[in-house]
Every structure is written in C-alpha cells, then in structure tokens.
Amino acid sequence: MALVFITFQAFCSYLLIPMDTEQSNHLKAYGVAYFAVSHNIDMSWLLNYRGGSFMCVYNSAIETECTVRGVSFQVIADIQAQGILNEIGAVENNMNEIRLTKEPKIAVYSPKSKLPWDDAVTLVLTYAEIPYTVIYDEEVINGELPKYDWLHLHHEDFTGQYGKFWANYRNAQWYQEDVKSNEERAAKLGFSKVSLMKLAVAKGIRDFVAGGGYLFAMCSGPDSYDIALAAEGVDICDAMFDGDPMDPQAQSKLNFDNCFAFTDFKIETNPYVYEVSNIDVNPTTHLTNKNNDYFTLFDFSAKWDPVPTMLCQNHMNVIPGFMGQTTAFRKEVIKPTVTILGESQFFNEARYIHGEYGKGTWTFYSGHDPEDYQHLVHDEPTNLDLFPNSAGYRLILNNVLFPAAKKQQQKT
C-alpha cells in the first residue's frame, strides 16, 4: 500500500482547475486561485487553455479548498502538466502561461450607509471568498489609496448629482438621507459642495492609477467619473443638487483631455432626465430588443497582448447583455486610444473597455448586474448560488486577478 501511495505522488504532482464548460463553479475557482496566491503558492493562469484554466504544483491545501468550495479540479502527473505547457508554448497556438505571484490588495469605493441597490462586484467578491476593504471619500481624501493594488468604484455619481435620482426619488427617505450624509461629509472634509468633494476624490483616484494602481468600474461609475474630471472648475450641477444654478456655458468649458475613456460627449443638464450624459445609450432600444442583447469578446494575442487576453478569459465568447444606469458606451464618444474588449454588433456599442493611464490601468464595464437584465431600485440582490458559471460575472473576476500578474503584464 505504501508503494502505491509513493508512486501516485510521484506521477500526480500538479493540480489543474479547468475553466471550460467542465467547471462546476467558475466563480469560486477564482477564489481558490486568490487563496493560493495569498498563501504564497504560485498559480499559473493558462490563457486560452480550456477557458483560462489554473494550474499549480500539487498542494493538499489547494485540493481541500477546491473540494470545500465545490470547484472542479484534476490531479495530473508531471508529464501531463508538461504536455499542457508545451501545447501552450507552441508558436502556432494563441495561448500563454501567466504566473500569479502577487496577492492583490482589494478596495471597494462604496458608501458606508445602506442604499436600495446592491453592487455586482461586492456580491461576487463575497461569493468567491476574496477579501476586500470598503473605503469611501474620507479614505481617498486622506491619502489611503496607495495601500491597495486594485480599486472598484461602486455605482457612484462623481458629478455631485446623486445619480440623477432627484426627479423620481427626492421625497424618498433613502435619497434624503444620502444627500444629507454627503453634505455633512463634504463639510467635514472642508468642501463647500458635494460636487467639489467628489472631484477631489476623482482626482485622488486618478493619481492612484497614475502611480500604478488598477481601477475597475461598472454602471454609472465610468461615465460619471470621466465627466467629473472633464468638468473640473465648471459648475455642471443645477440648484436642486448644490443650491445654485449650473454654469450656462458648462458644455463648452469641458476639458476632455482630463478623461480616461471618453471624449466629445454631451452632458445632460435636464434634472428630470435620468442620465448624466450621452455616453450611455438609449435604454428603450435595449428593452425593445432584449432577445438580441448580447455582446462579443474580442480575441487578442495571448503571447503579445496578455493584458486584454487576461481580461477576456471565459468559457463563452458571446455574453448575454444586461442593463444599468449606464447600459452601454456609445462608440462615437470613446477615445481612439481605448481598447474595446467587448462590443455589441447589433446595437453598435461597446460594453467592456480598457486603457492605460500613467503606470496603471483602468477597465470600464457597462450595466449593473450580469444576471439580472433590468435591475431596479429596491430589487433583491442576485443569489450567485444560482449562477456559479456566470460568464458575465467572470469578467469582473478576471480584473480582480489581473494585478496578481503584475510583473508579467508587459508585452514580450
């Protein structure tokens, strides 16, 4: 019996976590990969191999985590692992091995108070058992962002217009409490207006990215963030938001050079319209064409462009669409330097985009919840136990693991 055990260990010395359709829980598999890196166990991310599989030298702790979390895995022999690596390394195959060696410190920019909607990123981080720290305006203003590697922007309105919820919810208790807490926090931090506080936060986040940080944002986060940067020194908030009229020449004073992703957009100045700009598309078009709402991930060169390849790892190339306060990005207002990772040809719009700023990167993902087509205020949070193989949620987790491969992200 001892001889059999020794022989087994000698030939079965790698652990493979497949990420194709054979995986029982794609989302928790990312948590296992994060667990490995956080325990100084090097994990290889096999780009374009079986849906972006993970592989490491056999470790009983990783096997236990896979078993406990319900993640499919295979224990394979050295010769099998080497065969996989040889296949990946072949020039003719669009694959690559990326070593995950750095534990990313994750922060989520989110209000400490309870709002009547949830956030897909915090839902999936919790489900995948990936630790994160919630920070908000105080922490950013006080210079705490350098403690972290990766930052997600909750569905925030950085323009100081409270998500343009005023028209429909100005009498709701949650809205009034949100306005009050923001005004009190702005005063405490030394700002005369909430919009000025949010601008300072946006600039702090910009400096975080410039210094090498990784920014991820969904839904209203991407466009309101860029608008805030473009509107530096310009009052774009009407009286119901900040107590005085907006600058009537605000549109002509926007500085698009300050933006990460967007240019030449038009801000929405009507307080009764539930939009901050024309960066977002017409939601009615999506509602009336729901059966055609899909977007396709681009196929990048794994060996020459590992960054976009990592961000697009999936077991599905065509992803079901989903709406949000910002449902999709109009292509005509996207800067030419931006990399489009996923687009809808039917609607002719971008859904998933990426770019560099200074030493860091940013990734913007449109829509609110990948598994709830039209998530409304007061809707219950999505139960991810029902969607363990969500291709839309996988794109979020690709971004979470992205900083773990920091040393290898340059083209070779």
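See above for the structure.
Worth saying up front: this structure is predicted, and the values here are computed from it rather than measured.

(A) Main features of the layout of surface pockets. Estimates place the volume of the largest pocket at around 510 Å³. Lining the largest pocket are 19 residues, with Tyr274, Gly324, Gln325, His375 and Leu376 sitting closest to its centre. Listing elements by their share of the lining of the largest pocket, those giving two or more residues are α7 (166–169) and α13 (283–287). Looking at the lining of the largest pocket, its residues break down into ten nonpolar, eight polar and one charged.

(B) Here's a closer look at the packing of aromatic side chains. In this structure the tally under the stated criterion is 27 aromatic pairs. Note on Phe165 and Tyr169: the rings are 5.9 Å apart at their centroids and 70 degrees apart in plane angle, and the pair reads as edge-to-face. Relative accessible area serves as the criterion here: at 25%, Tyr169 is assigned to the partly exposed category. A cation over a ring is seen here: Arg170 above Trp166, with NZ or CZ 4.3 Å from the ring centre.

(C) The arrangement of the pairing of strand β6 (residues 106–109) in detail. Neither face of β6 is open: one carries Ile106 and Val108, the other Ala107 and Tyr109, and all of them are buried. By the bridge criterion, four bridges tie β6 to strand β8 (residues 150–153) in an arrangement that is parallel. Each residue of the ladder has a partner; that of Ile106, found in β8, is Trp150.

(D) Region of interest: the environment of Gln345. Tracing the sequence through the fold places Gln345 in the loop between β13 (339–344) and β14 (349–357). Between the C-alpha atom of Gln345 and that of Glu275, which follows or precedes it by 70 residues, the distance is 23 Å.

(E) The arrangement of empty space enclosed by the protein in detail. Enumeration according to the criterion identifies three cavities of 30 Å³ or more in this entry. Taken as a whole, the largest cavity holds about 170 Å³ of empty space. Around the largest cavity, the lining comprises 19 residues; the ones closest to its centre are His155, Glu156, Asp157, Tyr162 and Asp178. Where the lining of the largest cavity is concerned, the elements lending two or more residues are α8 (173–188) and α9 (194–210). Its residues placed into classes, the lining of the largest cavity shows eight nonpolar, seven polar and four charged. Of the voids in this model, the second largest cavity is the one considered here, and its volume is about 50 Å³. Taken together, Glu156, Asp157, Gly163, Ser220, Asp223, Ser224, Tyr274, Glu275, Val276, Gln325 and Thr326 make up the lining of the second largest cavity. Tallied by class, the residues present in the lining of the second largest cavity amount to two nonpolar, five polar and four charged.

(F) The pattern of salt bridges, seen in detail. Counted according to the given criterion, the structure contains 18 salt bridges. Note that Glu65 is salt-bridged to Arg69, the shortest N-O span being 2.9 Å. Of the two residues, Glu65 and Arg69 are both situated in helix α3 (residues 60–69); the distance of four residues between them amounts to about one turn of the helix. Here Glu65 and Arg69 have matching classes, each one buried.

(G) Quick peek at the pairing of β13. Two elements, strand β10 (residues 294–297) and β13, share two bridges in a ladder whose sense is antiparallel. Counted as the bridge partner of Thr296 is Glu343 from β13. Pairing of β13 with β14, which is carried by five bridges, proceeds in the antiparallel orientation. Across the sheet, residue Gly342 finds its bridge partner in β14, namely Tyr352.

(H) Highlighting the packing of helix α2 (residues 26–38) against helix α15 (residues 391–401). Contact geometry for α2 and α15: axes closest at 10 Å, N-to-C directions at 10 degrees. On the basis of their axis angle, the class for α2 and α15 is roughly parallel. Seen from α2, the contacting residues are His26, Leu27, Tyr30, Ala33 and Tyr34; seen from α15, they are Tyr393, Arg394, Leu397, Asn398 and Leu401. Its residues placed into classes, the contact of α2 with α15 shows seven nonpolar, two polar and one charged.

(I) The arrangement of the side chain of Asn182 in detail. One can find Asn182 in helix α8. Only 2.9 Å separates the side chain of Asn182 from the backbone oxygen of Asp178, close enough to count as a polar contact. One polar contact links Asn182 to Arg185, side chain to side chain, over a distance of 2.7 Å. Once residues within four sequence positions are removed from consideration, Asn182 is found in contact with Tyr136, Asp137, Tyr162, Val194, Met197 and Lys198.

Calculation notes
Residues numbered from 1 in each chain as written. Predicted model: local features only at pLDDT ≥ 70, side-chain atom pairs only at ≥ 80, totals over all residues. Heavy atoms only, no water. 1 Å grid on protein atoms, 1.4 Å probe; cavity = no way out; pocket = protein on both sides within 12 Å on 5 of 7 lines; lining within 4 Å. Points joined across faces, edges and corners; volume = space filled by probe spheres on them. Helix = DSSP H or I, 4+ residues; strand = E, 2+ residues; numbered from the N terminus. Nonpolar A, V, L, I, M, F, W, Y, C, P; charged D, E, K, R; others polar. Phe/Tyr/Trp six-rings, centres within 6.5 Å; stacked < 30°, edge-to-face > 60°. Buried < 20%, exposed > 50% of the residue type's maximum accessible area, 1.4 Å probe, protein only. Lys NZ or Arg CZ within 6 Å of the ring centre and 35° of its normal. Pairing = 2+ DSSP bridges. Salt bridge = Lys/Arg side-chain N within 4 Å of Asp/Glu carboxyl O. Axes fitted to C-alpha atoms, helices over the stretch in contact; angles between N-to-C directions. Parallel < 35°, antiparallel > 145°, perpendicular 65-115°, else oblique. Contact = heavy atoms within 4.5 Å. Polar contact = N/O pair within 3.5 Å; in protein donor to acceptor, adjacent residues only side chain to side chain.

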